[in-house]
Amino acid sequence: MASAEPVGVIGAGTFGTAMANLLAYNTDVLMYSRSAELTERLNRERFRFGVPLHERVTVVNDFSLIAERCQLLFPIVPSNNFREMMRSITDHLRPSHLLIHGTKGLDITGMDELDIPKKGIERRNVHTMTDVIRQESVVVRVGALTGPNLARELLDGQPSASVIASKFDEVIDRAKLVLKSSQLHVFGTHDMLGAELAGVLKNVIALGSGILKGVGLGKNIQAMLVTRGLVEMVHFGQALGSDKRAFFGTAGIGDLIATATSKKSRNYMFGYRIGSGESLAEVTATSQELAEGVRTLMITRHLARSMRLRVPITEMLYQIVFEQYPVTEAMNYLITYPYDVDVDFL
C-alpha cells in the first residue's frame, strides 16, 4: 500500500533513479529532471539505466509541482552543481519542507575552484551539502542519506543498508517510513557532520584502491591502503569538527568497503583507469558521471595543507592523479612512511 506522503527526488542520475525506485516500494514518487527531453522520454519509455522505472515513479520537469505535492524531498545531484540547483528551486521551498540529500561531496565558496591549486583553501571556504541547503533556502529540517549505496547494485535490486543522519528525529522517522523495505535496511543517527564527512572522504580512498588494482598490485597493499586511509578519514573528520564514531559504522567502514572494492563504484573504476595508464583528462572525458572522489581529493589535499594535517595517502594520491607522479614511487614512499602507531585515535 502506498504511503499517504508522496516523495520528491531531485536528480535523475543513477543514484537518483535507484532511490526513486526504492522509494516507490512504499509511496508515490515524483523525480525531477532539468531536461525536458529526458523527462518526456522517460515517461514514454519507462526505462532508465537498463532497468524499468517503477509504476509509482513519475518524471517531471517542473519543480513547482514537486514542491507543491511533496513535503519530503531527496536532492541527489553532483556536489559541483548542488548550490546552483538549490538556488534554482529555493523560491519554491517553504519552512515546512524536509530535505535529505544523497550527495557525497563538498561545496566551495569565496573563491574560484580553479584557483585552489595556486592559492590553497581555508576551512571557511568548505561546506557540506546540508550547509548549502540551509544557506540557500528557508528549510531547517535537513538530513543526509549515506552508507554503502552503490547505485548499480540498488538498480539491480540487490539488498543494502543506508544511514539517515539528521539532528531531527522527525526527519529520521519520516525517511525510514518511506525508505525501509525488503531491499533496504535503514539506520538513523544524529551525528550528521560525521556521517556526511565519512561519505565524502571514503571516495578518495576508493580512488587509491582502484589505482592499486590498475597497476596490478594485490590485496595486502589494498588492505593497508584502506585501513590507513580510514585513519586519515578519522583525522580529517576530527579536524573538521565531527565525532569519530560515525567512521566506524555503516556510513563509514561500511561505505568504505563497498566503494573501495567494487567495480560498480565510479571512484574505484576511475582510479583503476588511472592506474592502468590513462590520464586524468582521458578518464574524465569518457566518464558518464562524475567520480566525486576526484574533486574531493583536490579539495582535501589543499585543505590539509592549510590545516597542517599529516595525511600522506591523500598527498600521494593527489600527486598521482593531478601531477602524474609514478605510482611505484608513491607506494615506496607510503611503505617506508614512519607510521608510529597502528591505531592512534581510540
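Residues numbered from 1 in each chain as written. Predicted model: local features only at pLDDT ≥ 70, side-chain atom pairs only at ≥ 80, totals over all residues. Heavy atoms only, no water.

Visitor: Even after reading the chapter, I still don't get the packing of aromatic side chains, so can you show me in this structure?
Guide: By convention here, two paired aromatic rings are described through the distance between centres and the angle between planes. What the rule picks out here adds up to two aromatic pairs. Note on Tyr-32 and Phe-63: the rings are 5.9 Å apart at their centroids and 85° apart in plane angle, and the pair reads as edge-to-face. Of the two residues, Tyr-32 is situated in strand β2 (residues 29-32) and Phe-63 in helix α3 (residues 63-69); the sequence distance between them amounts to 31 residues. Residue classification places Tyr-32 among the buried positions, given a relative accessible area of 16%. (Phe/Tyr/Trp six-rings, centres within 6.5 Å; stacked < 30°, edge-to-face > 60°. Helix = DSSP H or I, 4+ residues; strand = E, 2+ residues; numbered from the N terminus. Buried < 20%, exposed > 50% of the residue type's maximum accessible area, 1.4 Å probe, protein only.)

Visitor: Help me understand the pairing of strand β6 (residues 72-75) in this model?
Guide: One face of the sheet, then the other: side chains in a regular strand alternate in exactly this way. Burial along β6 is two-sided: the face carrying Leu-72 and Phe-74 and the face carrying Leu-73 and Pro-75 are both buried. By the bridge criterion, four bridges tie strand β1 (residues 7-10) to β6 in an arrangement that is parallel. Residue pairing for β6: Val-7 is matched across the bridge by Leu-72. When β6 meets strand β7 (residues 98-101), the two strands line up parallel, connected through two bridges. Bridge assignment links Leu-72 to a residue of β7, and that residue is Leu-98. Handedness of the β-α-β unit built from β6, helix α4 (residues 79-89) and β7 comes out right-handed. (Pairing = 2+ DSSP bridges. Right-handed = clockwise from strand over helix to strand, strands pointing away.)

Visitor: What am I meant to see in unusual backbone geometry here?
Guide: Comment: phi is negative for the bulk of residues other than glycine, and the bulk of peptide bonds are trans. A positive phi angle, close to 65°, is found at Arg-46, a residue other than glycine. Mapped onto the elements of the fold, Arg-46 is located in the loop between α2 (36-45) and β3 (47-48). A positive phi angle, close to 55°, is found at Phe-49, a residue other than glycine.

Visitor: How do you make sense of the environment of Gly-13 when you look at a structure like this?
Guide: Considering the arrangement of structural elements, one finds Gly-13 in the loop between β1 and α1 (14-23). Residues Gly-13 and Arg-273, 260 residues apart in the sequence, show an inter-C-alpha distance of 22 Å. Residues in contact with Gly-13, not counting those within four places in the same chain, are Arg-48, Phe-49 and Glu-289. (Contact = heavy atoms within 4.5 Å.)

Visitor: Explain the sheet that holds β1 to me, please; I cannot follow it from the model alone.
Guide: Paired through backbone hydrogen bonds, the strands of a sheet run either parallel or antiparallel to each other. Across the sheet, which stays open at both edges, the eight strands sit in the order β5-β2-β1-β6-β7-β10-β11-β12 with mixed pairing between neighbours. The open sheet has two edge strands, β5 (57-60) and β12 (184-189), and neither has a second partner. Across the sheet, the mean angle from the axis of one strand to that of its neighbour is 25°, orientation sign disregarded. On the sheet, helix α11 (residues 250-261) packs against β10 (141-146), β11 (160-165) and β12 and is oriented at approximately 145° with respect to β11. (Axes fitted to C-alpha atoms, helices over the stretch in contact; angles between N-to-C directions.)

Visitor: What should I look at first to understand the packing of α4 against helix α6 (residues 129-136) in this one?
Guide: The geometry of a pair of packed helices is captured by two quantities: the angle between their axes and the separation between those axes. Where α4 meets α6, the closest approach of the two axes is 9 Å, and the angle between their N-to-C directions is 20°. With respect to α6, the axis of α4 lies roughly parallel. Here α4 and α6 pass one another in a crossing that is right-handed. In this structure, α4 contributes Ser-79, Phe-82, Arg-83, Met-86 and Arg-87 to the contact, and α6 contributes Met-129, Val-132, Ile-133, Gln-135 and Glu-136. Taken together, the residues that form the contact of α4 with α6 break down as five nonpolar, two polar and three charged. (Parallel < 35°, antiparallel > 145°, perpendicular 65-115°, else oblique. Left-handed = near helix turned anticlockwise from the far one by under 90°. Nonpolar A, V, L, I, M, F, W, Y, C, P; charged D, E, K, R; others polar.)

Visitor: Where do I start with the pattern of salt bridges in this structure?
Guide: If the charged atoms of two oppositely charged side chains come close together, the side chains can form a pair. Considering all chains together, one arrives at 20 salt bridges under this definition. A salt bridge links Arg-44 to Glu-45, with the nearest nitrogen and oxygen atoms 3.3 Å apart. Among the residues examined, Glu-45 registers a relative accessible area of 40% and is labelled partly exposed. Measuring nitrogen to oxygen at the nearest pair gives 3.2 Å for the salt bridge that ties Glu-136 to Arg-87. Here Glu-136, found in helix α6, pairs with Arg-87, found in helix α4; they are 49 residues apart in sequence, far enough to count as distant. (Salt bridge = Lys/Arg side-chain N within 4 Å of Asp/Glu carboxyl O.)

Visitor: Can you walk me through the side chain of Lys-104 in this structure?
Guide: Within the element layout of this structure, Lys-104 appears in the loop between β7 and β8 (107-108). Leaving out residues up to four positions away in the same chain, Lys-104 has contacts with Leu-145, Thr-146, Gly-147, Asn-149, Gly-199, Val-200, Lys-202, Asn-203, Asp-255 and Glu-292.

Visitor: When you look at the side chain of Thr-146 in this model, what are you seeing that I'm missing?
Guide: Structurally, Thr-146 is set in strand β10. Note on Thr-146: relative accessible area 2%, which makes it buried. Not counting residues up to four positions away in its chain, the partners in contact with Thr-146 are Lys-104, Ser-162, Val-163, Ala-195, Gly-199, Ala-251 and Asp-255.

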